[in-house]
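# Chain and residue survey
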Amino acid sequence: MAPRASWKGHIRLSLVSCAVKMFPATSTSERISFNQLHKDTHNRINMKPVDPELGLVERSDLVRGYEYEDKQYIIIEDSDLEAVRIESNHTLNIEAFVDESEVDVIYQDAPYYLAPDGAMAEETFVVLREAMRKSGKVAIARLVLSSRERVVTIGARDNGMFVTTLRNPNEVRGTAEYFGNIPVGNPEPEMLDLAQKLIEQKVTHFDPKAYEDRYEVALMSMIKEKLKGHKPIIAAAPERGNVINLMDALKASLGEAKPAAPSKAKAPAAPKESAAKASLKAALEASKAAAPKAAAKKKA
């Protein structure tokens, strides 16, 4: 099944433009998730809308409202939102170019992939992509997503482009409230030197595949054991010794620390389902085959 675009429109640089489509660059579908069930029936609970006066109501009866005062709302219709038309509804108009290093990571929000929408757009798309790649800059543009105008960065990535939505400055908290009482201080040169050597011993190349979610692996192991009817084994966290003296701790760490081992490439996941889900499916089928058939319920 072809991926579904989350936004379609045009990218424009001055008088040059082409049709593009945007796709989410990340997915959470492989994360382990839980459903809420009734403790006795194990039926999945449906969350239904409730009106304080009318009780259960149909979703078709719900409307959108904006609270302008306490418990005072103005109703917003779909036609009202459609009437709010600005350029960034359907156009990524490039306003400026900046060095990528100038965009503080704290402002970076959600990542997306940008691709040409149709063969007619490919030539212009490739020209814009390569021009940005050779300049070493990222573009700044605006885009309306989920009824909000977002400032975004756009850069070349492989054969396409990479879009990152940026947080609004009023969404980012200042550091003074959290760091204001931390002393600046001047570390003792010998301790600072030991700490720097400790860092040097652990320098490596970042490979995200080398850092699997150990909690999720342990969680899946527990689920498979429960499927087999076994009691999960509780693994205690490793105990850490008390640090009596910072200098001694740094020296001991420097003696024990080893360079990070190069990460081994993992086998690619199955095309339709992840290894974890395939393993869980196999465990479930095995548990069904091993479990005795439940007695048929008697009719009342």
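Look up a bit, the structure's there.
Residues numbered from 1 in each chain as written. Predicted model: local features only at pLDDT ≥ 70, side-chain atom pairs only at ≥ 80, totals over all residues. Heavy atoms only, no water.

Broken down by element type, the chain carries seven helices and 12 strands. For the chain, the proportion of contacts with a sequence separation of at least 24, taken over those separated by at least 6, is 63%. When the accessible area of the chain is evaluated, it comes to approximately 24700 Å², of which 54% is carbon and sulfur surface. (Helix = DSSP H or I, 4+ residues; strand = E, 2+ residues; numbered from the N terminus. Contact = heavy atoms within 4.5 Å. Areas by Shrake-Rupley, 256 points an atom, 1.4 Å probe, with all protein chains shown as cover.)

A few words now on the side chain of Thr91. In this structure, Thr91 sits in strand S7 (residues 91–93). The buried category is assigned to Thr91, whose relative accessible area is 15%. Excluding its chain neighbours within four sequence positions, the residues that come into contact with Thr91 are Trp7, His10, Arg12 and Arg142. (Buried < 20%, exposed > 50% of the residue type's maximum accessible area, 1.4 Å probe, protein only.)

What follows is about a nonpolar patch on the surface. Taken together, the side chains of Tyr66, Tyr68 and Ile74 present a nonpolar region at the surface, about 350 Å² in accessible area. Relative to the helices and strands, Tyr66 is located in strand S5 (residues 64–69). Exposure remark for Tyr66: the relative accessible area of 52% places this residue in the exposed category. (Patch = residues over 30% accessible without salt bridge, like charges linked within 9 Å, V, L, I, M, F, W, Y side chains within 5 Å. Salt bridge = Lys/Arg side-chain N within 4 Å of Asp/Glu carboxyl O.)

All right, on to the pairing of S5 then. Inspection of the sheet shows S5 paired to strand S6 (residues 72–76) by five bridges, in the antiparallel sense. Opposite Glu69, over in S6, you have Gln72 as the bridge partner. Here S5 folds back onto S6 in antiparallel fashion, the turn holding two residues, of which Lys71 has a positive phi close to 60°. (Pairing = 2+ DSSP bridges.)

Once that is clear, we can look at the sheet that holds strand S8 (residues 96–99). Strand order in the open sheet formed by eight strands is S7-S1-S2-S9-S12-S11-S10-S8, and the pairing between neighbours is mixed. Single-partner strands in this sheet number two, and they are S7 and S8. In this sheet, adjacent strand axes meet at a mean angle of 40° when their direction is disregarded. Note that S8 and strand S10 (residues 137–145) share four bridges and pair antiparallel. Note that in S10 the partner of Asp99 across the bridge is Lys137. (Axes fitted to C-alpha atoms, helices over the stretch in contact; angles between N-to-C directions.)

From the geometry alone we can't say anything about function, so treat these as descriptive.
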